[in-house]
Amino acid sequence: MSASLPSGLQWLLVATPLAVVLTLVVSPIALWWYRRRVAHWMSQGLPDDGARPGPGHRSDDTPPGAPLRWMRLGAPPAAATARSGSAARLGVLPARLRLLAGHAASGFVCALALTLAFSGMVAHLLSAWVVPTLLLTALVPTVALLLVLQVTAFWQRALGIAAASALPWLLPENLRGLAIDLYQLFVLAPLALLLIVGMRFWRGVAPMVLLLALAACAMAVAVALVSSRWLGVQVSWDWRLAGLIAGGLIGFQALQAVQRAFDAGRFSDLELFTDTWWLTLLLAQALALAVASSQAAYLLLLAAYPPAVMARRLVWRLWPLAQPDAPPRALLLLRVFSDASRVEALFDGLEQHWRPIGPIHMIAGKDLALRNVGPSDFVAFVAGRLRSQFVGSLQELDARLQNLPSQRDADGRFRVSHFWCENSTWQPTMRALAARSHAVVMDLRGFTADRQGCRYELLHLSRHMPDLPVLLLVDSPQVYTALQGLLGGIDSHQAAWMVADVSSEQSTLPLPWLARLAGDRPA
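Model, not experiment: these values are computed from the prediction. (Residues numbered from 1 in each chain as written. Predicted model: local features only at pLDDT ≥ 70, side-chain atom pairs only at ≥ 80, totals over all residues. Heavy atoms only, no water.)

Caption draft 1: Region of interest: the overall build of the protein. Scanning the protein from terminus to terminus reveals 18 helices and nine strands. Put simply, the protein has 523 residues, and 50% of those count as buried. Considering only residue pairs separated by 6 or more positions, the protein has 85% of its internal contacts joining residues 24 or more positions apart. Accessible area for the protein stands at about 23,200 Å²; split by element, carbon and sulfur atoms hold 63% of it. (Helix = DSSP H or I, 4+ residues; strand = E, 2+ residues; numbered from the N terminus. Buried < 20%, exposed > 50% of the residue type's maximum accessible area, 1.4 Å probe, protein only. Contact = heavy atoms within 4.5 Å. Areas by Shrake-Rupley, 256 points an atom, 1.4 Å probe, with all protein chains shown as cover.)

Shown next, in the form of structure tokens:
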């Protein structure tokens, strides 16, 4: 039936699935190579005139003069009231509800557009009950996306999508068949794509890889169609390859435009992910409807995207967050560079609960490379300029510190700022970030006395910032003993430093601890 479509549009029918498959294949490879490159540059030193501690900086290679006063925390309250109270003090719940409401509004606009498109395809069946059935089927992707935005673990996302997918089967028997057919034809594949690209091997770079892949595949297919149908030339692989390269260059220009818009604060990292998925869903369903009906007019379904974005932004504009009593509280995340999966789970929890309060600062590393591939990093990586993302001198550090984002994105969350450092630049970077932070979380699971990096950070904070709120996470008596030997801590309820016992299976920070670290100030 695709032959009934205009030949100028058939290239989309071929290019879109190719681009999706290419994205799923290339994204993990790109992340693997990206981690190798950042590991290489992290191990590099600088010449003698590189970044060194400036005048007045003391070497923190000796213990503090007096024992550090800290408070040892036990297990946090497990009652739901304690969790909800802490969430209220942190301002997490209102910000979370506002964020989900905005994405629900954009999904509802897309669902209305899909309902109209489905109605055109089954016009002979329309009745008072069929239209709600069409709307309910079209809302399944929205419900699934909202569930995905609520959780981070893969199995929880899979259960959420499965629960959303059960909606068509709950309808009355006379409408169930139509809903299931529409679900299987037009909704199942986009939901499977959402589940896959939500995984850590894809979610960091999939939106940007998809943009490159779609441009490259579209140009390769277009070259083949134009050459064979309009010029009557037998297309060889070199022509297809030339089209692929040309499309990739066009896609890279588009990716740079996305990077500039992101750096200018026009959208958030979460919006980049969700909008890419919505565009892919609308394009896939528009093509499927066009093929099923042999009518290219269904491609107008893509026109629903701008109103969907406008609906989301309107909800956020009409639902302003309460003005905080205090300025945004910047959090510095320090850690033992060891277990990547454990640190990723910790970061996911921090990101969900702290970003409504203030920005998160961190020194980037391989352990969180999958979580922090922003448009600027990816553009530099694709262009072979990843080295330019590293702090190479004190002058570069000062320039980047001056450009630290301090405002909320439209979705109500502050940004995560990560600094790639070499061996000779991470210490001044850590000192500078600590001076600009209002609290510190330091994951010391796996810490031993010979961990020189963590040793330096602990001693610097204890010598120069003993009043800065610090939460240290330990997972064994040995780690606590090592801390006592290094810092000579005294348990005191008046201390700013806190040592929290967590098991190695602890996935997120309990909200009561975060509330204490934030000073119980709403944001």
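Caption draft 2: Representation of the packing of helix α10 (residues 269–293) against helix α11 (residues 305–318) within the structure. Interaxial distance between α10 and α11 falls to 11 Å at its minimum, and their mutual angle equals 145 degrees. Handedness of the crossing formed by α10 with α11: right-handed. Contacts between α10 and α11 involve Glu271, Thr274, Asp275, Leu279 and Leu282 from the first element and Tyr305, Val309, Arg312, Arg313 and Trp316 from the second. Looking at side-chain class alone, the contact of α10 with α11 contains five nonpolar, one polar and four charged residues. (Axes fitted to C-alpha atoms, helices over the stretch in contact; angles between N-to-C directions. Left-handed = near helix turned anticlockwise from the far one by under 90°. Nonpolar A, V, L, I, M, F, W, Y, C, P; charged D, E, K, R; others polar.)

Caption draft 3: Summary view of the packing of aromatic side chains. Tallied over the full model, the rule gives 11 aromatic pairs. Seen from their ring centres, Tyr34 and Trp420 are 6.2 Å apart, and the 75 degrees between their planes marks the pair as edge-to-face. Pair noted here: Tyr34 is in helix α1 (residues 7–42) and Trp420 is in strand β5 (residues 416–421), with a separation of 386 residues, a long-range link. There is no split in this pair, since Tyr34 and Trp420 are both buried. The interplanar angle of 80 degrees and the centroid separation of 5.5 Å between the aromatic rings of Trp426 and Tyr456 together place this pair among those described as edge-to-face. Linking Trp426 in helix α15 (residues 426–435) with Tyr456 in helix α16 (residues 452–464), this pair joins segments that are 30 residues apart in sequence. According to the relative accessible area criterion, Trp426 is buried, its value standing at 18%. The class for Tyr456 is buried, based on a relative accessible area of 10%. Through a chain of ring-to-ring contacts, the aromatic side chains of Tyr34, Phe378, Phe381, Phe390 and Trp420 assemble into a single cluster. (Phe/Tyr/Trp six-rings, centres within 6.5 Å; stacked < 30°, edge-to-face > 60°.)

Caption draft 4: Representation of the pattern of salt bridges. Enumeration according to the criterion identifies 10 salt bridges in this entry. With its nearest N and O atoms 2.8 Å apart, the salt bridge here joins Asp269 to Arg413. On the criterion of sequence distance, the pair formed by Asp269 in helix α10 and Arg413 in the loop between α14 (394–402) and β5 is long-range, its members being 144 residues apart. Classification of Asp269 by relative accessible area gives partly exposed; the value is 31%. (Salt bridge = Lys/Arg side-chain N within 4 Å of Asp/Glu carboxyl O.)

Caption draft 5: Structural detail: the nonpolar core. Phe118, Leu134, Leu191, Leu194, Trp277, Leu289 and Leu301 are the most contacted members of the largest nonpolar core, which totals 57 residues. Elements that contribute at least two residues to this core include exactly α1, α3 (92–121), α4 (130–150), α5 (154–165), α6 (173–197), α8 (206–230) and α10. No other element matches the 11 residues that α10 contributes to this core. The contacts of Phe118, once residues within four sequence positions are left out, are Leu134, Ala138, Leu182, Phe186 and Leu289. Of all hydrophobic cores here, the second largest spans 38 residues; its members include Leu68, Ala432, Met442 and Leu458. (Core = buried A, V, L, I, M, F, W, Y, C linked by side-chain atoms within 4.5 Å.)

Caption draft 6: Expanded view of the side chain of Ser393. Checked against the element boundaries, Ser393 lands in the loop between β4 (390–391) and α14. Polar contacts involving the side chain of Ser393 include one to the main-chain amide nitrogen of Glu396, which spans 3.2 Å. (Polar contact = N/O pair within 3.5 Å; in protein donor to acceptor, adjacent residues only side chain to side chain.)

Caption draft 7: Geometry of the packing of α16 against helix α17 (residues 477–487). Two numbers describe how α16 lies on α17: the axes approach to 11 Å, and their chain directions differ by 50 degrees. In terms of axis orientation, α16 runs oblique to α17. In the packing of α16 onto α17, the handedness of the crossing is right-handed. In this structure, α16 contributes Arg455, Leu458, Leu459 and Ser462 to the contact, and α17 contributes Leu483, Leu486 and Leu487. Considered class by class, the residues forming the contact of α16 with α17 number five nonpolar, one polar and one charged. (Parallel < 35°, antiparallel > 145°, perpendicular 65-115°, else oblique.)

Caption draft 8: Seen up close, the environment of Gly74. By the element assignment, Gly74 lies in the loop between β1 (69–73) and α2 (80–90). For the pair formed by Gly74 and Ala500, sequence separation is 426 residues and the distance between their alpha carbons is 6.4 Å.

Caption draft 9: Examining the pairing of β1 more closely. By the bridge criterion, two bridges tie β1 to strand β8 (residues 490–491) in an arrangement that is parallel. Bridge pairing links Arg69 to Ile490 in β8. The sheet contact formed by β1 and strand β9 (residues 497–501) spans four bridges and is parallel. Across the sheet, Trp70 pairs through a bridge with Trp497, a residue of β9. (Pairing = 2+ DSSP bridges.)

Geometry only, nothing functional implied.
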